[in-house]
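Examination of the molecular architecture
This is what each chain is made of:
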Amino acid sequence: MKYSALSVLWQGLTGHKGWARAWRDPEPKPEYDVIIIGGGGHGLSTAYYLAKEHGVTNVAVLEKGWIGGGNVGRNTTIVRSNYMLPSNTHFYEKSMQLWEGLEQDFNFNAMVSQRGVINLFHSDPQRDAFARRGNAMRMAGIDAELLSPQQLKEMVPILDFENARFPIQGGLIQRRGGTVRHDAVAWGYARGADMRGVDIIQNCEVTNIRVEGGKVVGVDTNRGSFNAKKVGMAVAGHTSKIAQMAGIDDLPVESHVLQAFVSEGIKPLIDTVVTFGAGHFYISQSDKGGLVYGGDLDGYNSYAQRGNLPMMEHVMAGGMAIMPAIGRVRMLRHWGGIMDMSFDGSPFICKTPIKNLYLNGGWCYGGFKATPASGWCFAHTIAQDRPHALNEGFTIERFREGRMIDEKGVGPNPWIQ
Amino acid sequence: MHQINCPWCGVRDEAEFQYQGDATKKRPGEDASEEEFFDYVYVRENPKGWHTEWWHHVGGCRQWVKVVRNTFTHEIHACGGPHDKLSVPKNKKGA
């Protein structure tokens, strides 16, 4: 059924008894044209675009838990396309453009809020570095603007501009960036894929990927074995484990924990997204009033989906450094995700050495904003058995070939990326 | 938080240490092949389970402590110095 103002009105008048399931819960079939391993944002997005853009509908998304229970359900909701390296710039801008039309496209309210994303700077050299990035964006046709302290004061008055250690000298803003309600992204893509014929199979954990003669033929799961002509892996933090099931054991990936936090609900305080890179802190405010904020990785390998106190304290200290006004607000919830950190900080959307087996992973802590373009490009790569121009740099081979895409320029050290 | 038993300083909070990654990777000799160097720099087993890793005690004695820790439960099984042979419990098969 199509969601609309009319449907809400009609259902309201008739007691809300007519709403249909948002997606089916079908019994899995013994064979599919495409199996996507992983029912998170990227897996569901891939299934949606396979069906919608390529007419490939004999697809199953296999999710070991419940869809959207992984990183897409745990992030700080920020979307932006303010990257500098060419392989990233155009890819994330494609994603930003897909965000802008997404709610109409998949007929679901994802609360796409283009409230701007601001990167603060605190010194002349940092200003120059941010200006360089802003110019790289503008040369690619992407919006970017340098804000003066006065302009920042009008937008975010509670910042501590006279901070002794990190005086705020301005910021780089992408006004088209902002936040999106992350759960709705998973649900919207799931519903859109399901209504086009994709089977979403939950509580279905892949235990083996069957390869014969160098070609993938299917998967084994705790709900049975299924054959497939093509298999796409989109499992984020578990990328190494899934790839190893197919015999791919040389990925440059380490899984690390990233924590995120939400405060108690307070009256409107911040109506944009502020990132304090120097202090490893970023913050926005949800429509329910909670401050949504986070920082850097804890810094050690982890699949635990929780982090530890030292990084919690470090993140809170970062927040206090630039907006001490939030000091008495209580942290309400915290959680952690599993980040598949690649060794240059950039992702994989590519073919693998095994025929008809495709990889989508290595998103580090930046996968949420990429969700639409990742699914869009991965669907193309799977349907046509070759990458789109937008993802042709995101290969496994780039490390051997010396073509790393290292936005931070810090080298092959995952916990610094 | 992780409590790491530094052989020189005793049990200390993780905040005193800088993680330095997989301790099973041995730096190849000067005449090693490109493939051996690629393996050292880029290839990681990345287990969900028992992991042997380095924690550099930068906030203490500055020695490198080898730790056998579970990446799923954060339980620490053993700590030692760089030359210690530490036992590693078996990882369960499957995710």
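Above this text sits the structure in question.
Throughout what follows, the structure given in this document is the object of discussion.

If you tally the helices and strands in chain A, you get 10 helices and 18 strands. Here the C-alpha radius of gyration of chain A, 21 Å, is about what a compact globule of 417 residues would show, namely 22 Å. A principal-axis box enclosing the C-alpha atoms of chain A has dimensions of 65 × 65 × 40 Å. Considering only contacts in chain A between residues 6 or more positions apart, those separated by 24 or more positions represent 74%. For chain A, the computed accessible surface area is about 16,700 Å², with 53% contributed by carbon and sulfur atoms. Counting 42 positive and 40 negative side-chain charges, chain A places the centres of these two groups 4 Å from one another.

Residues and elements named next belong to chain A. If you add up the space inside the second largest pocket, you get close to 610 Å³. Contributing to the lining of the second largest pocket are 25 residues, with Arg181, His182, Ser286, Lys288 and Val292 lying nearest its centre. Where the lining of the second largest pocket is concerned, the elements lending two or more residues are helix H6 (182-195), strand E12 (253-265), strand E14 (281-285), strand E15 (290-301) and strand E16 (331-342). It is E12 that provides the largest number of residues to the lining of the second largest pocket, a total of four residues. Taken together, the residues of the lining of the second largest pocket break down into six nonpolar, 12 polar and seven charged.

All names here are of chain A. Pairing is mixed across the open sheet formed by eight strands, whose spatial order is E5-E6-E4-E13-E14-E15-E12-E16. Since the sheet does not close on itself, it has two edges, and those belong to strand E5 (145-147) and E16, each with one partner. Ignoring strand direction, the axes of neighbouring strands in this sheet form an average angle of 25°. Looking at chain direction, strand E13 (residues 273-276) and E14 are connected through three bridges and run antiparallel. Among the inter-strand pairings, valine 274 is bridged to a residue of E14, identified as isoleucine 283. Here helix H8 (residues 309-322) sits on the sheet and contacts strand E4 (117-121), E12, E13, E14, E15 and E16; the angle it forms with E15, its principal contact strand, is near 135°.

Looking now at the packing of helix H2 (residues 41-54) of chain A against H6(A). All names here are of chain A. Relative orientation of the contacting elements H2 and H6 amounts to 35°, with a least axis distance of 8 Å. At the point where H2 passes H6, the crossing takes the left-handed sense. Contacts between H2 and H6 involve Leu44, Ser45, Ala47, Tyr48 and Tyr49 on the former and, on the latter, Ala186, Tyr189, Ala190, Gly192 and Ala193. The residue inventory of the contact of H2 with H6, partitioned by class, reads eight nonpolar, two polar and no charged.

A word on the pattern of salt bridges. Once their charged atoms are close, side chains differing in charge can pair, the charge on each being opposite to the other. Residues and elements named next belong to chain A. Under the defined criterion, the tally for this structure stands at 25 salt bridges over all chains. Among the ionic pairs, arginine 24 bridges to aspartate 194, the shortest N-O distance being 2.8 Å. Note that arginine 24 is positioned in the loop between helix H1 (5-13) and strand E1 (31-37) and aspartate 194 in helix H6, a separation of 170 residues in sequence. Taking relative accessible area as the criterion, aspartate 194 reaches 9% and is therefore assigned buried. Of the charged contacts in the structure, one is a salt bridge between aspartate 250 and arginine 400, with a shortest N-O distance of 3.8 Å.

Here we take up the sheet that holds strand E3 (residues 18-22) of chain B. Residues and elements named next belong to chain B. Taken in spatial order, the four strands make up an open sheet running E3-E4-E5-E6, and their pairing is antiparallel. Two strands in the sheet have a free side with no partner beyond their single neighbour: E3 and strand E6 (76-80). This sheet shows a mean twist of 25° between the axes of neighbouring strands, independent of strand direction. In terms of strand pairing, strand E5 (residues 64-70) meets E6 through four bridges, oriented antiparallel. Bridge pairing in E6 places valine 67 opposite cysteine 79.

With the rule as written, the count across this model stands at 26 aromatic pairs over all chains. Members of the aromatic cluster, connected to one another through ring pairs, are A:Tyr3, A:Trp19, A:Tyr48, A:Tyr49, A:Phe106, A:Phe108 and A:Tyr189. In this arrangement the basic side chain of A:Arg133 is found over the ring face of A:Phe130, its NZ or CZ atom lying 5.0 Å from the centre. When the ring centre of B:Phe72 is taken as reference, the NZ or CZ atom of B:Lys48 above it lies at 4.8 Å.

Once that is clear, we can look at the interface of chain A and chain B. Each partner contributes to the interface: chain A provides 29 residues, whereas chain B provides 28 residues. For the chain A and chain B pair, buried surface summed over both sides reaches about 2,500 Å², with 54% attributable to carbon and sulfur atoms. When the buried area of chain A at its contact with chain B is split by residue, A:Asn301, A:Tyr303 and A:Arg400 rank highest and sum to 23% of it. Taken together, chain A and chain B are joined by two salt bridges. Close ionic contact of A:Glu254 with B:Arg44 constitutes a salt bridge, the shortest N to O distance being 3.7 Å. Viewed at the interface, chain B and chain A are joined by 14 residue pairs in polar contact (both at pLDDT 80 or more).

Here is what the cut-offs are and how they apply
Residues numbered from 1 in each chain as written. Chains lettered and ligands numbered in written order. Predicted model: local features only at pLDDT ≥ 70, side-chain atom pairs only at ≥ 80, totals over all residues. Heavy atoms only, no water. Helix = DSSP H or I, 4+ residues; strand = E, 2+ residues; numbered from the N terminus. Rg over C-alpha atoms; globule rule 2.2 N^0.38 Å. Contact = heavy atoms within 4.5 Å. Areas by Shrake-Rupley, 256 points an atom, 1.4 Å probe, with all protein chains shown as cover. Lys, Arg positive; Asp, Glu negative; His and termini not counted. Charge placed at Lys NZ, Arg CZ, Asp CG, Glu CD. 1 Å grid on protein atoms, 1.4 Å probe; cavity = no way out; pocket = protein on both sides within 12 Å on 5 of 7 lines; lining within 4 Å. Points joined across faces, edges and corners; volume = space filled by probe spheres on them. Nonpolar A, V, L, I, M, F, W, Y, C, P; charged D, E, K, R; others polar. Pairing = 2+ DSSP bridges. Axes fitted to C-alpha atoms, helices over the stretch in contact; angles between N-to-C directions. Left-handed = near helix turned anticlockwise from the far one by under 90°. Salt bridge = Lys/Arg side-chain N within 4 Å of Asp/Glu carboxyl O. Buried < 20%, exposed > 50% of the residue type's maximum accessible area, 1.4 Å probe, protein only. Phe/Tyr/Trp six-rings, centres within 6.5 Å; stacked < 30°, edge-to-face > 60°. Lys NZ or Arg CZ within 6 Å of the ring centre and 35° of its normal. Buried area = accessible area lost by both parts, 1.4 Å probe. Polar contact = N/O pair within 3.5 Å; in protein donor to acceptor, adjacent residues only side chain to side chain.

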